[in-house]
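Each chain, letter by letter, is given below.
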Amino acid sequence: MEFPLDLKAALEKLASKYRHSDLKQAAKAISERYRGGGNKRLTKEIEAAAYAVTRMPATYGAVSDALAYSIKKDIHSEWGSVLDVGAGCGAASWAAASFLQPEMVTCIEREEVMRNMGESLMQEGFLHNARWIDADLMAMDFQEKYDLVIASYVINELAEGYREQAVKKLWQSADRMLLLVEPGTPAGFAVLQKAREILLDEGAHIAAPCPHEKACRLEADDWCHFTSRIPRSRLHKELKDGDVPFEDEKYAYIAFVREETEHAGARILRHPYIEKGCVTLEVCDETENKTLRITKKDGKLFKTARKAKCGDEI
């Protein structure tokens, strides 16, 4: 995953305004609040800056991967408008703009410091014309339609009683596709499973990752999730006490579309198990979940399987 140079430069410029020790302390405090189930609202500028530096690369990577899996045949068609709901500092908008080059990007974010930070970062690059709206998802009455609507790491933050209404509102505003991205955890996957049930009943179709629109066949104690490998900058490693030059962001996603579409191929559910002369894959296809054992005798398929990762089609 290549991080936009404009955004990388903007984040480095942002970080230069603060002492790295202060940014690191803010990032640590945010992480502890999230893990402890505390108040996740960010109200201080330095908190928004620390969040932007440490979390935007991961969100960008997850949304970029999800878009690459979801938009294939229509990649070269015009995607005129994108709506990023719960935009934070705008990472999903950067991913969508890099992938689709839309004419207009609209970001909805209720937290003032996050909204201001996102606007500031976008002034440094090709998203300087993006429109930012101060609003809350549950309070909004969506009137406009957008080719692509993205809600990344949003629905799981809502109280359970509001989630169905939120999913339906988002779907109503999506003219072509709604992309939901959540943490790659059992809780994040459960949120997407429920959204899947709701929107299939509303007449939606699934572009990815599911190769079918039947009931999910995973066992109750299992969950579907994928990984995006994110390159770490020197600053990112410093703020997160990282030693390796990358971070693996685990995420789950589902893309709904208006028009019936060709289903995805068999989807790899787990990291491939590679042995000498053999690759074992756990996959979900249109008919069943199964284990594939691919050997050198399978020729090109073997080479593809050796390079595949969890989430890829096979």
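Residues numbered from 1 in each chain as written. Predicted model: local features only at pLDDT ≥ 70, side-chain atom pairs only at ≥ 80, totals over all residues. Heavy atoms only, no water.

Time to look at helix α1 (residues 5–15). Within α1 the residues assigned to the buried category are Leu7, Ala10, Leu11, Leu14 and Ala15. Projection of α1 onto a plane perpendicular to its axis shows the buried side chains occupying an angular sector of 135°, all on one side. Taken together, the buried residues of α1 touch α2 (20–35), α3 (45–70), α4 (91–100), α5 (112–122) and α8 (234–239). (Buried < 20%, exposed > 50% of the residue type's maximum accessible area, 1.4 Å probe, protein only. Helix = DSSP H or I, 4+ residues; strand = E, 2+ residues; numbered from the N terminus. Arc of directions from axis to C-beta. Contact = heavy atoms within 4.5 Å.)

Moving on, we come to the packing of α1 against α3. The N-to-C vectors of α1 and α3 enclose an angle of 145°; their axes lie 10 Å apart at closest approach. Crossing handedness for the pair α1 and α3: left-handed. Facing Leu7, Leu11, Leu14 and Ala15 of α1, the residues of α3 in contact are Ala49, Ala52, Val53 and Met56. (Axes fitted to C-alpha atoms, helices over the stretch in contact; angles between N-to-C directions. Left-handed = near helix turned anticlockwise from the far one by under 90°.)

Evaluated as defined, the whole model comprises 8 aromatic pairs. Between the aromatic rings of Tyr69 and Tyr253, the centroid separation amounts to 6.1 Å while the plane-to-plane angle is 15°, which identifies the pairing as stacked. Taken together, the residues span a long stretch of sequence, with Tyr69 in helix α3 and Tyr253 in strand β8 (residues 246–257) at a distance of 184 residues. Classification of Tyr69 as buried rests on a relative accessible area of 11%. Pairing Phe226 with Tyr253 gives two aromatic rings, centres 5.6 Å apart and planes at 55°, and the pair type is tilted. Of the two residues, Phe226 sits in strand β7 (residues 226–231) while Tyr253 sits in strand β8, which places them 27 residues apart along the sequence. (Phe/Tyr/Trp six-rings, centres within 6.5 Å; stacked < 30°, edge-to-face > 60°.)

With that out of the way, let us pick up the side chain of His205. Considering the arrangement of structural elements, one finds His205 in strand β6 (residues 205–208). The buried category is assigned to His205, whose relative accessible area is 17%. Reaching out from His205, the side chain makes a polar contact with the side chain of Glu213 at a distance of 3.5 Å. (Polar contact = N/O pair within 3.5 Å; in protein donor to acceptor, adjacent residues only side chain to side chain.)

Counting residues in each nonpolar core, the largest one holds 68 residues, and the members touching the most others are Leu148 and Leu179. The biggest single contributor to this core is α3, with 13 residues. In this view, Leu148 contacts Leu67, Trp79, Ser81, Val82, Leu83, Ala96, Leu100, Met177 and Leu179; residues no more than four positions away in its chain are not counted. Membership of the second largest hydrophobic core comes to 32 residues, among which are Ala166, Ala174, Cys210 and Ile254. (Core = buried A, V, L, I, M, F, W, Y, C linked by side-chain atoms within 4.5 Å.)

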